[in-house]
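Summary of structural features
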Amino acid sequence: MRTSSAARSFVSQYAKTTALVTVAGVGLFGLKKWIAGGVCNSKARLDGKTVLITGANTGIGKETAVDMARRGARVILACRDMEKANKAAEEVKKRSGNDSVIVRKLDLASLQSIRQLAKDVLASEERLDVLINNAGIMSCPKWKTEDGFEMQFGVNHLGHFLLTNCLLDLLKKSSPSRIVNVSSLAHERGQIYFDDINQDKDYQPWRSYAQSKLANVLFTRELANRLQGTGVTAYSLHPGVIHTELGRHFWPTVPLWKRVFYMPLVFFVKNPTEGAQTTIYCAVEESLQNESGLYYSDCAPKTAAPQGLDDEAAKKLWELSASMVGLM
């Protein structure tokens, strides 16, 4: 009798435990799916069109390239590290089944490199339908670009500002065409330090990163205003919190005890494929054809931070940027 009672108790406890684990598992899976965010469901084809993606040898840039190639586009991977870029190109070709994937050298920390890439593209390409300004650097030490700019502002904003302007005529010729600028939720904590744009007085890695991401949003806004009536539209976006190489300068600075705390949270961040969805959405979604200058997250329009909606600051930033890169 005791054995039978104990067995029933064990079975009951096992059933409760199994149910609890199942509910917890389903809950975690649901939370993971929610964090993964929106998915681009557009079936738009890009046959006969050309897409250029900066920083496409890794992370969301590479996943974006795979998607664009699957849609039939000619894809240009514009990257600094040619060895990694060539390996990425082979992977993109294999995964997409599209051999029209080429590599071009681009160092966004060098104005000369940017101008050379633009010159090469203008000489070799008959059209450019989508420009995706994806490359970036985050929370690095106080480094300078080849031309003396603070690295994060120089690469994340000024480099893409110059590249976009150098390719505008080709984008206009290929219209309707799109410019997609990968920004970040970090723009909400940013401000433009017009009196100390290179952060020489008091450099703080995260503050500089936030400034550069706010610059992406303001650049997109002013770009859209200047391109009205040309058939070229512009979009900025937050891709989400993603597990990529972007944090390679940040992670080593985190104390060990914090790393132990953060490690389990990695389960809940987006993978590169999930993180690329809003970029892809802005590049191909048909319903955005007549929209321009807006900010997106999780494949939907979102309201940018108040400082990202400041048209006067956007104009001032444009003028300053043009002066810094030699466009004035």
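In this text the structure is predicted, and so the values were computed from the model without any measurement.

A word on the pattern of salt bridges. Here the structure, examined in full by the defined rule, presents 15 salt bridges. Notably, a salt bridge pairs Arg95 with Glu63, separated by 2.8 Å at the nearest N-O pair. Linking Arg95 in helix H3 (residues 82-96) with Glu63 in helix H2 (residues 59-70), this pair joins segments that are 32 residues apart in sequence. As a salt-bridge pair, Asp200 and Lys144 come within 3.0 Å of each other at their nearest N and O atoms. Note that Asp200 is positioned in the loop between strand E5 (177-182) and helix H6 (205-226) and Lys144 in the loop between strand E4 (130-133) and helix H5 (151-173), a separation of 56 residues in sequence. Because the salt bridges share partners, they merge into one network encompassing Lys62, Glu63, Glu91 and Arg95.

Let us look at empty space enclosed by the protein. Under the definition given, this model contains 1 cavity of 30 Å³ or more. Computed from the structure, the largest cavity encloses a volume of approximately 30 Å³. What lines the largest cavity is Asn133, Ala135, Asn156, His160, Asn181, Val182, Lys213 and Asn216. At the level of secondary structure, the elements contributing two or more residues to the lining of the largest cavity comprise H5, E5 and H6. Taken together, the residues that form the lining of the largest cavity break down as 2 nonpolar, 5 polar and 1 charged.

Further remarks concern helix H9 (residues 277-284). Buried residues dominate H9, accounting for 8 of its 8 residues. By the burial criterion, the buried members of H9 are Gln277, Thr278, Thr279, Ile280, Tyr281, Cys282, Ala283 and Val284.

Parameters and conventions
Residues numbered from 1 in each chain as written. Predicted model: local features only at pLDDT ≥ 70, side-chain atom pairs only at ≥ 80, totals over all residues. Heavy atoms only, no water. Salt bridge = Lys/Arg side-chain N within 4 Å of Asp/Glu carboxyl O. Helix = DSSP H or I, 4+ residues; strand = E, 2+ residues; numbered from the N terminus. 1 Å grid on protein atoms, 1.4 Å probe; cavity = no way out; pocket = protein on both sides within 12 Å on 5 of 7 lines; lining within 4 Å. Points joined across faces, edges and corners; volume = space filled by probe spheres on them. Nonpolar A, V, L, I, M, F, W, Y, C, P; charged D, E, K, R; others polar. Buried < 20%, exposed > 50% of the residue type's maximum accessible area, 1.4 Å probe, protein only.

Remember, this is a structural readout, not a statement about activity or role.
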